[in-house]
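Next come the chains, spelled out residue by residue.
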Amino acid sequence: DPASPGAIGGTTPGSGAFTTVTLSNRYSNTSQDYLLIGTSAMLNGTGDGTVLTIAWDAPDIDIGSNFSGSTYTAPVTGVYRVSIMLRTYGYVSGHTYGVLNIVSSNNTFMGDYVQKTFDNTGTVVMYNAVLDIDMDAADTLTTTLIVGEGTQVVDVESGYGNGAAMSIFLAS
């Protein structure tokens, strides 16, 4: 429509549901929940079978403001894509396994499992998980790490971009 420069043909999205990105004339869905966050440093958090709830920093992006402390709360019922990358270090001989869990109100999901005998002090282990999780409105989600069969000396790397991050978005 020449009277509306930059307008896209068809029906305009409903009021409040979308915001126009002015220079590129794209629409972004402002009702779509999204979280991107890095971790806080956690020293000597696990290693002896202790369940460590991952402490996340203030979010880099939190569309919907649904994250508080270490807990994400689903704003609506749906399937959420949860992606986690967690860098840990400080393993010593005796440690034989590590488990990254994603814990929701409905279930606990094993995100990543490492089983080996660590024989090198200072070994770095990356845990990675990408899961689609069915959540109801107001369900909560946290992440935990358990490393066992050794001493409580395993650390979690801090910061986003240093190998530790989590993102969550409503997939459907």
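This structure, assessed with the given rule, holds two salt bridges. Here Asp-132 and Arg-81 are joined by a salt bridge, their closest N and O atoms 2.4 Å apart. Of the two residues, Asp-132 is situated in strand E12 (residues 123–135) and Arg-81 in strand E9 (residues 78–91); the sequence distance between them amounts to 51 residues. Given the relative accessible area of 30%, Arg-81 is considered partly exposed. Across the salt bridge formed by Glu-157 and Arg-87, the nearest N and O atoms sit 3.4 Å from each other. Residue Glu-157 is found in the loop between strand E14 (154–156) and strand E15 (165–170), and its partner Arg-87 is found in strand E9; the two are separated by 70 residues along the sequence.

As for its placement among the helices and strands, Asp-139 is situated in the loop between E12 and strand E13 (140–148). The buried charged residue Asp-139 lacks any salt bridge partner; its closest oppositely charged side chain belongs to Arg-81, at an N-O distance of 17 Å. Here Asp-136 takes part through its backbone nitrogen, which lies 2.8 Å from a polar atom of the side chain of Asp-139. If we skip the residues at most four places from it in the chain, Asp-139 touches Tyr-72, Thr-73, Ala-74, Ser-105 and Asn-106.

Turning to unusual backbone geometry, a few remarks are in order. The phi torsion at Ala-138 lies on the positive side, around 80°, for a residue other than glycine. When you line up the elements, Ala-138 lands in the loop between E12 and E13. We classify Ala-138 as exposed; its relative accessible area is 56%. Even without being glycine, Glu-149 reaches a positive phi, approximately 75°. Along the polypeptide, Glu-149 turns up in the loop between E13 and E14.

Here we take up the nonpolar core. For soluble globular proteins, nonpolar side chains are generally found buried alongside one another. Grouped together as the largest cluster of nonpolar side chains are 31 residues, with contacts concentrated most on Ile-54, Ile-84, Leu-86, Tyr-127, Leu-141, Met-166 and Ile-168. Elements represented by at least two residues in this core include exactly strand E3 (34–38), E9, strand E10 (97–104), E12, E13, E14 and E15. Non-local contacts of Tyr-127, meaning those with residues more than four positions away in its chain, are made with Ile-84, Met-85, Leu-86, Thr-88, Tyr-91, Gly-98, Val-99, Leu-100, Asp-112, Val-114, Leu-145 and Val-147.

About the criteria used
- Residues numbered from 1 in each chain as written.
- Predicted model: local features only at pLDDT ≥ 70, side-chain atom pairs only at ≥ 80, totals over all residues.
- Heavy atoms only, no water.
- Salt bridge = Lys/Arg side-chain N within 4 Å of Asp/Glu carboxyl O.
- Helix = DSSP H or I, 4+ residues; strand = E, 2+ residues; numbered from the N terminus.
- Buried < 20%, exposed > 50% of the residue type's maximum accessible area, 1.4 Å probe, protein only.
- Lys, Arg positive; Asp, Glu negative; His and termini not counted.
- Polar contact = N/O pair within 3.5 Å; in protein donor to acceptor, adjacent residues only side chain to side chain.
- Contact = heavy atoms within 4.5 Å.
- Core = buried A, V, L, I, M, F, W, Y, C linked by side-chain atoms within 4.5 Å.

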